[in-house]
Amino acid sequence: MTRRGIDAVHGWLLLLPAMALLALFTHWPALATFLDSFWSTPRPRRPALFVGLGNYKSMLADAVFWQSVVNNLWFALGTIPLSIALALLMALWVNDRIAGRAAVRMAYFTPTVLPMIAVANIWLFFYTPQYGLLDQVLSLFGARAHNWLGTPETALVCVIAVTIWKEAGFFMIFYLAALQQISPVLGEAAALEGASRLTFFRRVQFPLLMPTTLFVLVNAVINAFRTVDHIIVMTRGGPDNATTLLLYYVYEVGFKYWDSTYAAALTMVLLALLATAALTQYLVLERRIHYR
Amino acid sequence: MRVQSIAYAPHGPWRLLESAAAWLLAILWLLPLLYAIWSAFHPAEYSARFVPLAPVTLDNFARALSAAPFARYFLNTFALVTLILSCQLVLCTLAAYAFARFEFAGRELAFALVLVQLMIMPDVLIVENYRTMTRLGIVDSIPAIALPYIASAFGVFLLRQTFKTVPRELDEAARVEGAGALQVLWRVYVPLGRPVYIAYALVSVSYHWNNFLWPLIVTNSVEARPLTVGLQVFASTDQGVDWSVICAATLMTSAPLLLAFLLFQRQFVQSFMRAGIR
């Protein structure tokens, strides 16, 4: 056999185990989700029927679906800008020579290594009416007890707060790494020109951090659509579906009502959203915007 | 750590103000954890009353341990992360080696097929993967939790990038000495990739230690449940479990990772960074 032939055989043999598992647990299920979404869910005395776009039609008429989309968009809008802004602020602080910055950096990063499900349980107590820490602190200022997670108006905000707390420290480290790569010469030059610190940040640091911001942004978007651990612990989508996110609704339809084909149709929406995020990353990030 | 932009380092009162703000936020960020520690080590009646001299107790931990089989959950999680990581390392290393150093037809297509997983994550394919596990007859087992995550596109990608930076000369030299493809991989590529392997291992272990939704769906017995699911089952039963006990259980669940993080802070932060930037 030629060298090329041997290389091909070796190459494919090396790939085989990983490709087989990927095919079984990523490619096939993605395809099956698509195909299943055109069928009805088989029930004991009713086999699966081809229903065409039936599932998608009932989805368009499903108020809970629309609410989960709207909730998810609000959730994304609430978590993404704030956690990125906080991450940047944290990175700028930790990057400066503040006292005890190693300890501060550790404090910011700690939520990242804790299980979401564990911290959600702690936050659950913070939000408890009357006894919870939040109500206790607020009562010092004369506020009345409030059922934070039990009121549709505040439940989603509470969940958003937990997510920001969990994510900001993780995003911080990317900003920190990027800040440390900015040459000190730029700072000296700007200072010689008499630029204020704010100007230095706006005109030098922030533009140079653009690739990091885009990277963090895409990650934040993906996270906003695939994290539901805290929903399961804190609200179970309630009250009155006020905190039902798209993936949580998939979980509910698939494993509480056992309507697997409708869940498949819902998953397709989720996949479309994730694909959009990934394509944005590919098209924008891969070009590596640099202002040099 | 390099200090940069000294020109703009805050001075005098500004430095004080900035430090104070940073510390305030840091305390706010640690508050949930500090609260859990307070509550777990004090009797239930102090769980919302912060008296400096409140008696310290380990009673909450004892009660949590006797109320749910946490020892078994620990064992399950440990088996789970070990299984996932060891399989990931082997499979991803082999695949990354093929992508980095072998020329063959269909390589680009295969690589694109691998990268699909970065977009379509197993976290989202819960319904179909559950059906697959049912067909395979392995629902409610540790391998069922592990299987969708073993072929990790992220691991393949990370290692491929690493292997590509290995000088060809080293590869050729080993081959001249008569080493086969796998021997070269083992003796040249794997040792040179060590920092990346450590980074990947830390990220993988913390991800799967903390993973919740898929294990929740695919397990329903004490024998297969990992810690996260066990904690949730324990905390959501309405048997009047008090907060102190839940906090104790929460701390136990997070303790191994938290301790590892405190001990190897630098490696953790660098690993997450390396893994994220790719």
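Residues numbered from 1 in each chain as written. Chains lettered and ligands numbered in written order. Predicted model: local features only at pLDDT ≥ 70, side-chain atom pairs only at ≥ 80, totals over all residues.

The helix and strand inventory of chain B stands at 14 helices and zero strands. From first element to last, N terminus to C terminus, chain B shows the α and β order α-α-α-α-α-α-α-α-α-α-α-α-α-α. Relative to the 2.2 N^0.38 estimate, which gives 19 Å for 278 residues, the radius of gyration of chain B is 24 Å and therefore markedly larger than a compact globule would have. Referenced to the eigenvectors of the C-alpha coordinate spread, the extents of chain B come out at roughly 70 × 65 × 35 Å. Looking at chain B as a whole, 44% of its 278 residues qualify as buried. (Helix = DSSP H or I, 4+ residues; strand = E, 2+ residues; numbered from the N terminus. Rg over C-alpha atoms; globule rule 2.2 N^0.38 Å. Buried ≥ 20, exposed ≤ 12 C-beta atoms within 10 Å, placed from the backbone.)

With that settled, consider the overall build of chain A. Within chain A, the secondary structure is distributed over 13 helices and zero strands. When the helices and strands of chain A are read in sequence order from the N terminus, they spell out α-α-α-α-α-α-α-α-α-α-α-α-α. Dimensions along the principal axes, computed over C-alpha positions, put chain A at roughly 80 × 80 × 30 Å. The burial tally for chain A puts 45% of its 292 residues in the buried class. Pairs at least 24 residues apart make up 70% of the contacts formed inside chain A by residues separated by at least 6 positions. (Contact = placed C-beta atoms within 7 Å.)

Let us look at unusual backbone geometry. All names here are of chain A. Backbone geometry places R236, a non-glycine residue, at a positive phi of 50°. In this fold, R236 is placed in the loop between α11 (229–234) and α12 (246–255). Of note in this structure, D240 is not a glycine but carries a positive phi near 60°. Looking at where D240 falls in the secondary structure, it is placed in the loop between α11 and α12. A residue is classified by how many C-beta atoms lie within 10 Å of it, and D240, with 12 of them, is exposed.

Before going further, it helps to spend a moment on the environment of L179 of chain A. All names here are of chain A. Locating L179 in the fold gives a position in helix α7 (residues 152–181). Spatially, the C-alpha atoms of L179 and M116 are 28 Å apart, while their sequence positions differ by 63 residues. With residues up to four places along the chain from it excluded, the contact list for L179 reads A91, N95 and Q205.

Taken together, the 83 residues of chain B in the interface contact 80 residues of chain A. A total of 12 residues in the side of chain B that touches chain A trace back to one element, the largest contributor, which is helix α1 (residues 12–40) of chain B.

Counting 166 residues, the largest nonpolar core has A87, M172 and Y175 of chain A together with A95 of chain B as the members making the most contacts within it. If one sorts the elements of this core by residue count, α7 of chain A sits on top with 17 residues. (Core = buried A, V, L, I, M, F, W, Y, C linked by C-beta atoms within 7 Å.)

Another point: the confidence of the model for chain B. With 94% of its residues at a pLDDT of 70 or more, chain B shows a mean pLDDT of 85. The low-confidence segment residues 1–5 of chain B, where pLDDT is below 50, has eight contacts with residues more than four positions distant or belonging to other chains. (pLDDT = per-residue confidence, 0-100.)

The next subject is the environment of T26 of chain A. With respect to the secondary-structure elements, T26 of chain A resides in helix α1 (residues 3–36). According to the C-beta neighbour criterion, T26 of chain A is buried, with 24 such atoms within 10 Å.

Residues and elements named next belong to chain B. Close contact between α1 and helix α13 (residues 243–263) brings their axes to 8 Å; oriented N to C, the two are set at 120°. As summarised for this structure, α1 and α13 are arranged oblique, according to the angle between their axes. In the packing of α1 onto α13, the handedness of the crossing is left-handed. Packed against α1, whose contacting residues are A36, I37, S39 and A40, the element α13 presents W243, S244, C247, A248, T250 and L251 at the interface. (Axes fitted to C-alpha atoms, helices over the stretch in contact; angles between N-to-C directions. Parallel < 35°, antiparallel > 145°, perpendicular 65-115°, else oblique. Left-handed = near helix turned anticlockwise from the far one by under 90°.)

Residues and elements named next belong to chain B. When you line up the elements, A199 lands in helix α10 (residues 194–210). We classify A199 as buried; it has 22 C-beta atoms within 10 Å. Along the backbone, A199 and F272 are 73 residues apart, and their C-alpha atoms lie at a distance of 7.0 Å.

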